[in-house]
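Take a look at the letters that make up each chain.
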Amino acid sequence: MVQNMNLSFERYQRQMLVSGFGAEGQEKLTNARVLVVGAGGLGSPVLQYLTGAGIGTIGIADADVVSVSNLHRQILHPEENVGINKAESAAMQLKKLNDQVAFHTYPYFITSENIDEILTDYDFVVLCVDNFEARFIINDACVRAGKPFSHGGVVAMNGQVMTYVPGQGPCYRCIFEEVPEPGTVPTSSEVGIIGPAAGVIGNLQALEVIKYFTGMGTLLTGQMLTFDLMTMKSRIVKFPSKNPECKACGK
């Protein structure tokens with residue numbers, strides 16, 4: 001037991017040195033339960049850094065399998081895992097990174113029928129999906145359950161991040177309202193994506209998770225960070241309070 005405590009201290013000592021973090025912050029991460037939906041371009045850095053930081057329990061949801069075309073940006077998955085479900089592949093690799101973390105996999109689609117039950121086991125959700133319908137399903141479920149989440153999106157070399165905390169700003173549906181019609185919003189399968197762009201946005205999402213649990217810094221609640229990685233220009237778009245007519249969190 002003493003040996004395990006010493007190993008934990010050595011593993012996390014550099015982050016515990018940060019002002020406002022300390023042993024108390026590490027304990028909060030150890031007790032945290034985070035669900036990451038999507039183990040691809042965004043999910044790879046999110047999962048790696050949350051595992052490295054010592055989040056106690058991590059759920060990984062992804063119905064897709066690893067393909068060769070994923071490898072340039074979904075850096076969590078090695079070549080030998082091509083054809084394996086992404087949630088299972090991710091867990092295999094992450095266990096090698098930190099055996100102190102408990103992993104639970106959901107190798108199937110997140111739907112309106114199963115999301116509510118899954119959410120009961122988690123304190124925070126990270127949306128790492130490029131499927132608009134899934135984003136709205138998860139947003140609405142998080143609002144119903146009073147669960148915070150971080151949304152990330154990236155295409156080509158442009159990305160965005162926002163965080164929803166119940167009672168502290170608008171939800172995803174407040175801003176975007178409805179699932180866009182097919183073909184109206186470009187996707188990475190149509191216009192492409194540069195691997196490190198997904199890494200930047202995913203790392204920002206991981207930071208939002210750590211800040212939420214430790215109480216450090218300022219979260220992207222009520223605002224969205226947009227990043228043009230071609231020019232390295234970023235801006236924060238501030239939103240008014242939630243939309244009173246929102247179908248998820250409004251009247």
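Above this text is the structure in question.
Residues numbered from 1 in each chain as written. Predicted model: local features only at pLDDT ≥ 70, side-chain atom pairs only at ≥ 80, totals over all residues. Heavy atoms only, no water.

Novice: Describe the packing of aromatic side chains, and please don't skip the residues or the numbers.
Specialist: The description of an aromatic ring pair rests on the distance of the ring centres and on the angle between the ring planes. Inspection of the entire model under this criterion finds eight aromatic pairs. Relative to Tyr108, the ring of Tyr106 has its centre 6.2 Å away and its plane inclined at 85°; by these criteria the two rings are edge-to-face. We classify Tyr106 as buried; its relative accessible area is 11%. Ring geometry for Phe124 and Tyr212: centres 5.1 Å apart, planes at 50°, overall tilted. Of the two residues, Phe124 sits in strand β4 (residues 124-127) while Tyr212 sits in helix α9 (residues 195-214), which places them 88 residues apart along the sequence. Its relative accessible area of 0% is what places Phe124 among the buried residues. (Phe/Tyr/Trp six-rings, centres within 6.5 Å; stacked < 30°, edge-to-face > 60°. Buried < 20%, exposed > 50% of the residue type's maximum accessible area, 1.4 Å probe, protein only. Helix = DSSP H or I, 4+ residues; strand = E, 2+ residues; numbered from the N terminus.)

Novice: Pulling in residues and values, what's your account of the side chain of Asn98?
Specialist: Relative to the assigned elements, Asn98 resides in the loop between α4 (86-97) and β3 (102-106). Given the relative accessible area of 0%, Asn98 is considered buried. For Asn98, the side chain forms a polar contact with the side chain of Tyr12, separated by 2.9 Å. There is a polar contact of 2.9 Å between the side chain of Asn98 and the backbone oxygen of Thr51. Beyond its immediate chain neighbours, meaning those up to four positions away, Asn98 contacts Arg11, Tyr12, Thr51, Gly52, Gly54 and Phe103. (Polar contact = N/O pair within 3.5 Å; in protein donor to acceptor, adjacent residues only side chain to side chain. Contact = heavy atoms within 4.5 Å.)

Novice: If you had to explain the sheet that holds strand β7 (residues 223-228) to someone new, which residues and values would you point to?
Specialist: Read from one edge to the other, the open sheet built from eight strands follows the order β3-β2-β1-β4-β5-β6-β7-β8, with strand pairing classed as mixed. In this open sheet, the two edge strands, each paired with only one partner strand, are β3 and β8 (233-238). Averaged over all pairs of adjacent strands, the angle between their axes in this sheet comes to 15°, without regard to strand direction. Bridge count for strand β1 (residues 33-37) against strand β2 (residues 57-61) is five bridges, and the pairing is parallel. By the bridge assignment for β2, Val34 is matched with Ile58. Each of β1, β4, β5 (149-155) and β6 (158-164) touches helix α6 (residues 132-145); the most contacted strand, β5, lies at about 165° to it. (Pairing = 2+ DSSP bridges. Axes fitted to C-alpha atoms, helices over the stretch in contact; angles between N-to-C directions.)

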